[in-house]
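# Observations on the three-dimensional arrangement
Here's the letter readout for the chains.
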Amino acid sequence: MTPSGDMMGAAEDLADQFLRVTKHYLPHLAHLCLISTFLEDGIRMWFQWNEQRDYINISWGSGVLLATLFVLINMCGQLAGCVLVLARKFVPYACFGLFGIIFMQTIAYNILWDLKFLMRNLALGGSLLLLLAESRSEGKSMFAGVPTMDETSPRQYMQLGGRLLLVLMFMTLLHFELGAFPIFQDIFGMVLIILVAIGFKTKLAALTLVIWLFIINLIQNAFWNIPTYRPLHDFLKYDFFQTMSVIGGLLLVVALGPGGVSMDEHKKKW
């Protein structure tokens, strides 16, 4: 075996050992990370009620009543969804509700025309897809009893879709700048992104991305260092918790594996 093969094998052994130690706690940590952006946004809606209402009213000319209804639905929908996910009750319903919140915010805040924010919202949707796939594995599917050709295929394709959407988060982090470190960072990130997308060495690649993304998040989105009265504080805070939600999605990949539509699964048949 080559030295690089030895290193890869040692890294995989380390990842397997990590999973054995944390298997009972990792899904709970993944859920907490995943819902963090919805929890933060729901709480922010409460404390910035007037500002959010006025923004919607001015941007869309909707009137105070509709703007208030929009903020109320966002706040209650996000907080209720978070409670259900953490309690592991009616998780599919919570996921579809949070999907709806993402769609509403994408339209209402004109995220549809901002490529970076759109890609991050889609990545957040990927995390929810993985959570939905996990809920199916626990026998909590909303579609229980509906006949299908392959009972596990919907879950497999949810996992595939979730993995592919998570990739979009990392596309927003690529620098495409000259210089040794930015080039290394882009190449390193791209390799890991591709591995997760195709489902090869998936758990190791996803765990490495979790560590890498967490470090980048602490460095680039340190909102606690910015005074609360500055708009940059809220911007970085939003980015920080949205990134934590994508980390939650990656932790679900680590905990559940890539699913049936992946190279790791096909390797077992070779």
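Residues numbered from 1 in each chain as written. Predicted model: local features only at pLDDT ≥ 70, side-chain atom pairs only at ≥ 80, totals over all residues. Heavy atoms only, no water.

### Considerations on the overall build of the chain
We apply this condition: A run of H or I in DSSP counts as a helix once it spans at least four residues, and a run of E counts as a strand once it spans at least two, with each numbered from the N terminus. For each residue, the accessible area found with a 1.4 Å probe, counting protein chains only, is set against the maximum for its type, and the residue is called buried under 20%, exposed over 50%, and partly exposed in between. In what follows, a contact means two residues having at least one pair of non-hydrogen atoms within 4.5 Å. A 1.4 Å probe and the Shrake-Rupley method give the accessible areas. Residues count as covered only by the protein chains that appear here.
Across its full length, the chain carries 11 helices and 0 strands. Ordering the α and β elements of the chain from the N terminus gives α-α-α-α-α-α-α-α-α-α-α. Residues counted as buried form 46% of the 270 residues belonging to the chain. Pairs at least 24 residues apart make up 73% of the contacts formed inside the chain by residues separated by at least 6 positions. Accessible area of the chain: about 14,300 Å², with a carbon and sulfur share of 71%.

### Considerations on the nonpolar core
Note that soluble globular proteins tend to have their nonpolar side chains buried in a common cluster. Cut-off, in case you're wondering: Definition used in this section: a nonpolar core is a set of buried Ala, Val, Leu, Ile, Met, Phe, Trp, Tyr and Cys residues joined via side-chain atoms within 4.5 Å.
Judged by nonpolar contacts, the single largest core of 55 residues is most densely connected at Leu131, Phe170, Leu213 and Leu250. Element by element, the count of residues in this core is highest for helix α10 (residues 231-256), at 11 residues. Filtering out sequence-adjacent residues up to four positions away, phenylalanine 170 remains in contact with Ile193, Leu209, Trp212, Leu213 and Leu250. Core analysis: the next-biggest nonpolar cluster, separate from the first, contains 7 residues, Met45, Ala67, Phe70 and Ala108 among them.

### Re the packing of aromatic side chains
Selection rule: Side-chain rings of Phe, Tyr and Trp (the six-membered ring for Trp) are treated as a pair once their centres are within 6.5 Å; stacked means planes under 30 degrees apart, edge-to-face means over 60, and tilted covers the remaining angles.
Applying the stated rule across the entire model yields 14 aromatic pairs. Here the aromatic rings of phenylalanine 117 and phenylalanine 235 are separated by 6.0 Å at their centres, their planes lie at 80 degrees, and the arrangement is edge-to-face. Of the two residues, phenylalanine 117 is situated in helix α6 (residues 115-137) and phenylalanine 235 in helix α10; the sequence distance between them amounts to 118 residues. According to the relative accessible area criterion, phenylalanine 235 is partly exposed, its value standing at 35%. On the basis of an interplanar angle of 85 degrees and a centroid distance of 6.1 Å, the ring pair of phenylalanine 188 and tryptophan 212 is categorised as edge-to-face. Placement of phenylalanine 188 in helix α8 (residues 180-198) and of tryptophan 212 in helix α9 (residues 202-220) is noted, with a sequence separation of 24 residues between them. Tryptophan 212 sits in the buried class, given a relative accessible area of 13%. Counting every residue linked through ring pairs, the aromatic cluster contains Phe170, Phe184, Phe188 and Trp212.

### Concerning the UniProt feature "transmembrane region" (unreviewed entry) in the chain
Definition in use: UniProt positions are given in the numbering used here, feature names are shortened, and annotations may be inferred rather than shown by experiment.
The feature "transmembrane region" (unreviewed entry), as given by UniProt, occupies residues 64-86, 93-111, 190-219 and 240-261 in the numbering adopted here. End-to-end, the C-alpha atoms of residues 93-111 are 24 Å apart, and along that stretch the chain is 84% helix and 0% strand. Between the end C-alpha atoms of residues 190-219 the distance is 20 Å, and the span holds 90% helix and 0% strand.

### Comments concerning a nonpolar patch on the surface
Rules: Only residues whose relative accessible area exceeds 30% and that form no salt bridge are eligible for patches; like-charged ones are grouped when within 9 Å, while nonpolar side chains (Val, Leu, Ile, Met, Phe, Trp, Tyr) are grouped when within 5 Å. We define a salt bridge as a side-chain nitrogen of Lys or Arg found within 4 Å of a carboxyl oxygen belonging to Asp or Glu.
A surface patch of nonpolar side chains, about 600 Å² in accessible area, is lined by Ile211, Phe214, Ile215, Leu218, Ile219 and Trp224. In this structure, leucine 218 sits in helix α9. For leucine 218, a relative accessible area of 34% gives the class partly exposed.

### Side note on the packing of helix α3 (residues 49-60) against helix α4 (residues 64-87)
In plain terms, the rule: Interaxial angles span 0 to 180 degrees and are taken between N-to-C directions of axes, which are lines fitted to C-alpha atoms, for helices over the stretch in contact. Relative orientations are named as follows: roughly parallel for angles under 35 degrees, roughly antiparallel for angles over 145 degrees, roughly perpendicular for angles from 65 to 115 degrees, and oblique for any other angle. It is the rotation of the near helix from the far one that decides the hand of a crossing: anticlockwise by less than a right angle makes it left-handed, clockwise makes it right-handed. Polarity classes work like this: nonpolar for Ala, Val, Leu, Ile, Met, Phe, Trp, Tyr, Cys and Pro, charged for Asp, Glu, Lys and Arg, and polar for all others, with Gly in that last group.
Relative orientation of the contacting elements α3 and α4 amounts to 125 degrees, with a least axis distance of 8 Å. Between α3 and α4, the angle falls in the class oblique. For the pair α3 and α4, the sense of crossing is right-handed. Contacts between α3 and α4 involve Trp49, Gln52, Arg53, Ile56 and Asn57 on the former and, on the latter, Val64, Ala67, Thr68, Phe70, Val71, Leu72 and Met75. Residue composition of the contact of α3 with α4, by class: 8 nonpolar, 3 polar and 1 charged.

### What to know about the environment of leucine 112
Inspection of the secondary structure assignment puts leucine 112 in the loop between α5 (91-108) and α6. According to the relative accessible area criterion, leucine 112 is partly exposed, its value standing at 37%. If we skip the residues at most four places from it in the chain, leucine 112 touches Thr106, Ile107 and Leu118.

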